[in-house]
Amino acid sequence: MRAPIEPPFEIPPIVTYAVPAFVLLIIIEMIVVRATHKGRYQFVDSATSLSMGLGNQVAKVLVGAVAVAAYYWVSQYRLFDLGWTWPVLVACFFAEDLAYYWMHRVSHERRWFWASHVIHHSSQHYNLTTALRQTWTGTLGLTFIFWLPLVWIGFPPEMVLMFSGISLVYQFWIHTELIDRMGPLEWVFNTPSHHRVHHAINARYLDANYAGVLIIWDRIFGTFVPETKDEKIQYGIISQLGTFNPFRVAFHEWLGIWRDVTGAKSFAEVLGYLFGPPGWSPDGSRKTSASIKAAWRAQGQSAATAAE
Amino acid sequence: MSDWIILAISTVFVAAMVVFAALLGFRDTVRLDEAELRRLAAGEGAALEEWAIARGQRAAAARLSGGRFMAVRVMGDGISVRVARVEAARITLRRGGVTLSFADTGFPPLYLKTQEPPAAWLASLARGG
């Protein structure tokens, strides 16, 4: 067995160390929202979001080792021995962010992965507690497979895990309505403005801005949509949840998949329900992002025609 | 520090933050009325035909044009809506109200406290009409 190349320093538990800052920033945001009435909070919604964050950490303790074990297993068959050097660190930062982009994009476009990710979008609010509304089923849903190519190429597993942690911490502060546009930073980095678009359910914004740290991936792969001031953003999911119960929030889409798959009439339907876009149905009777956007475009065209 | 100790400390902080949010007054809640139901129906491309709003105005049910049915639940300062064909919802009359159930774990059965007896159209739907 080929052991991975050990880091030359002890990697701190980045996310754990960031938690006090998370708490402080949430409290500051609450006070500013109260004082300025910019942004929105609802304490039951925040309770659910924070419970989901807590449950996510419990899930990591219970099954997180599965993902780490997969990284180390794949690392045995790596193509190159990439060590802990500055050029490799820089390359790993970009590679990790690119892997995140595709994981995130597929998590919106394929129902199997959406079943885990929908949790993060299930709040009708957009504030720092929303950042902590995280899945309990990410590992069991095999989300980690998107990073396996990196360790197969030869990036050390601990390096990939380190940049994943940094990315997670980075993405915390962008979940706010208090910060407007950020000038030239908007060109390169994922910002609160870009990420508000990502959390919006307005038709024009659906399936956009999947970035983790760098927005360049959305610009390159054609999924970038800028925030516009003409339309108030609605947050959440197309069928807004009717519950604050964390267990229902965590598992509702998985149960929906189960119900659909057990009622499927053919193997093609099973595949469609599992790996089709969220909202896919054999007769097309349910709403998908594509059908919502198509209806929105058609409405815009007919309005334009009527105006002529 | 063990993971479980960190989780225990986190739980205390989560509880403290929720209490802090409540103390700051983030307890706004929507109240449903006819205008809101009309707006929601229009958003579904339908017209409101008949409706019932629960006492407390935190839940409502409506029959829409095109043989569809709408259930509305207040979620703090937000709203959750389900629209389905009448036959896709289970409507059960109970003492002092009606329970509406959908095959959707994300929208638990909605209990609608209504006037006694419930509106004729709701009673008719409960009978499968």
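Residues numbered from 1 in each chain as written. Chains lettered and ligands numbered in written order. Predicted model: local features only at pLDDT ≥ 70, side-chain atom pairs only at ≥ 80, totals over all residues. Heavy atoms only, no water.

### Details of the nonpolar core
Grouped burial of nonpolar side chains is what soluble globular proteins tend to show. All names here are of chain A. In terms of nonpolar packing, the biggest core is built from 25 residues, with Tyr71, Trp147, Leu148, Leu150, Phe155, Met159 and Val160 touching the most fellow members. Counting only elements with at least two residues in this core, the list comes to helix H2 (43–75), helix H3 (86–109), helix H6 (148–153) and helix H7 (157–172). The element that contributes the greatest number of residues to this core is H3, accounting for 8 residues. Not counting residues within four places of it along the chain, the set of residues in contact with Trp147 comprises Tyr71, Glu96, Ala99, Tyr100, Met103, Val160 and Ser164. (Core = buried A, V, L, I, M, F, W, Y, C linked by side-chain atoms within 4.5 Å. Buried < 20%, exposed > 50% of the residue type's maximum accessible area, 1.4 Å probe, protein only. Helix = DSSP H or I, 4+ residues; strand = E, 2+ residues; numbered from the N terminus. Contact = heavy atoms within 4.5 Å.)

### Focus: helix H1 (residues 14–36) of chain A
For H1(A), which comprises 23 residues, the first-to-last C-alpha distance of 32 Å matches the rise-based estimate of 33 Å (1.5 Å per residue) to within 8%. Pro20(A) marks the point of greatest bend in H1(A), at about 30°. Residues of H1(A) that are buried make contact with H2, helix H5 (128–131) and H7 of chain A together with helix H1 (3–23) of chain B. Within two residues after H1(A), His37(A) carries a phi angle of roughly 60°, on the positive side. (Expected span 1.5 Å × (residues − 1). Bend = angle between axes of the 7 residues up to and from the residue.)

### Side note on empty space enclosed by the protein
The method is simple in principle: a probe with the dimensions of a water molecule rolls over the atoms, and the space it marks as empty is what remains. Evaluated as defined, the whole model comprises 1 cavity of 30 Å³ or more. Within this model, the largest cavity holds a volume of roughly 100 Å³. Together, Asp45(A), Ser122(A), Ser123(A), Gln124(A), His125(A), Arg133(A), Gln240(A), Leu241(A), Thr243(A), Phe244(A), Met75(B) and Asp77(B) line the largest cavity. Counted by class, the lining of the largest cavity contains 3 nonpolar, 6 polar and 3 charged residues. (1 Å grid on protein atoms, 1.4 Å probe; cavity = no way out; pocket = protein on both sides within 12 Å on 5 of 7 lines; lining within 4 Å. Points joined across faces, edges and corners; volume = space filled by probe spheres on them. Nonpolar A, V, L, I, M, F, W, Y, C, P; charged D, E, K, R; others polar.)

### Overview of the confidence of the model for chain B
Residues and elements named next belong to chain B. Model confidence for chain B is summarised by a mean pLDDT of 89, while 96% of its residues fall at 70 or above. Model confidence for chain B, summarised as mean pLDDT per element, is weakest for helix H3 (residues 120–126) at 80 and strongest for helix H2 (residues 34–43) at 95. For this predicted complex, the interface score ipTM comes out at 0.91, alongside a pTM of 0.94. (pLDDT = per-residue confidence, 0-100.)

### Examining the pattern of salt bridges
All names here are of chain A. If you walk through the whole model with that rule in mind, you get 18 salt bridges over all chains. The salt bridge partner of Glu109 is Arg105, with a shortest N-O separation of 3.1 Å. Linking Glu109 with Arg105, this pair stays in helix H3, spanning 4 residues, or about one helical turn. In this structure, Lys229 and Asp180 form a salt bridge, with 3.1 Å as the shortest nitrogen-oxygen distance. Placement of the pair is Lys229 in the loop between helix H10 (216–221) and helix H11 (246–262) and Asp180 in the loop between H7 and helix H8 (185–188), with a sequence separation of 49 residues. For Lys229, a relative accessible area of 56% puts it in the exposed group. Exposure remark for Asp180: the relative accessible area of 36% places this residue in the partly exposed category. (Salt bridge = Lys/Arg side-chain N within 4 Å of Asp/Glu carboxyl O.)

### Observations concerning unusual backbone geometry
Residues and elements named next belong to chain A. One non-glycine residue, Asp207, lies in the positive phi region at around 55°. In this structure, Asn209 is a non-glycine residue whose phi angle is positive, near 55°. Classification of Asn209 as buried rests on a relative accessible area of 0%.

### So, the domain arrangement of chain A
Residues and elements named next belong to chain A. Per the domain assignment, the segments making up chain A are domain 1 (14–221) and domain 2 (246–307). Between the C-alpha centres of domain 1 and domain 2 there is a distance of 24 Å. Each side of the interface is counted separately: domain 1 has 22 residues, and domain 2 has 22 residues. Considering only the side of domain 1, the residues that lose the most area to domain 2 are Arg111, Trp112 and Trp136, jointly responsible for 36% of the buried surface there. For the pair domain 1 and domain 2, the interface holds 8 residue pairs in polar contact (both at pLDDT 80 or more). (Domains from an automatic or database assignment. Buried area = accessible area lost by both parts, 1.4 Å probe. Polar contact = N/O pair within 3.5 Å; in protein donor to acceptor, adjacent residues only side chain to side chain.)

### Here's the deal with the sheet that holds strand E7 (residues 110–113) of chain B
Residues and elements named next belong to chain B. Strand order in this open sheet of 3 strands is E5-E6-E7, and the pairing throughout is antiparallel. At either margin of the open sheet sits one strand with a lone partner, and together these are strand E5 (90–94) and E7. Averaged over all neighbouring strand pairs, the angle between strand axes comes to 20°, with direction disregarded. Pairing geometry for E5 and strand E6 (residues 97–101), over 5 bridges, is antiparallel. Paired with Arg90 across the two strands is Ser101, which belongs to E6. (Pairing = 2+ DSSP bridges. Axes fitted to C-alpha atoms, helices over the stretch in contact; angles between N-to-C directions.)

### Regarding the environment of His175(A)
All names here are of chain A. Checked against the element boundaries, His175 lands in the loop between H7 and H8. If we ignore the near neighbours within four places in the chain, the residues touching His175 are Glu29, His120, Tyr126, Asn127, Leu128, Thr130, Ala131, His195 and His199. Among the polar contacts listed, one links the side chain of His175 to the side chain of His195, at a separation of 3.2 Å.

### Some remarks on the interface of chain A and chain B
Taken together, the 32 residues of chain A in the interface contact 34 residues of chain B. Both sides of the chain A and chain B interface together cover about 3,000 Å² of buried area, and 70% of this is carbon and sulfur. Its largest share of buried area at the contact with chain B, chain A owes to Arg34(A), Phe43(A) and Leu54(A), together 19% of the area lost on that side. Between the two partners, chain A and chain B, sit 2 salt bridges. A salt bridge links Asp77(B) to Arg40(A), with the shortest nitrogen-to-oxygen separation between them at 3.3 Å. Here chain A and chain B share 15 residue pairs in polar contact (both at pLDDT 80 or more) between them. If you list the elements that add at least two residues to the side of chain A that touches chain B, you get H1, H2 and H11 of chain A.

### Section: the packing of aromatic side chains
Across all of its chains, the model carries 20 aromatic pairs over all chains by this definition. Ring geometry for Tyr41(A) versus Phe26(B): centroids 5.2 Å apart, planes at 35°, classification tilted. Of this pair, Tyr41(A) sits in the loop between H1 and H2 while Phe26(B) is found in the loop between H1 and H2, placing the two residues in two different chains. Residue placement shows Arg219(A) over the ring face of Phe224(A); its charged tip is 4.1 Å from the ring centre. (Phe/Tyr/Trp six-rings, centres within 6.5 Å; stacked < 30°, edge-to-face > 60°. Lys NZ or Arg CZ within 6 Å of the ring centre and 35° of its normal.)

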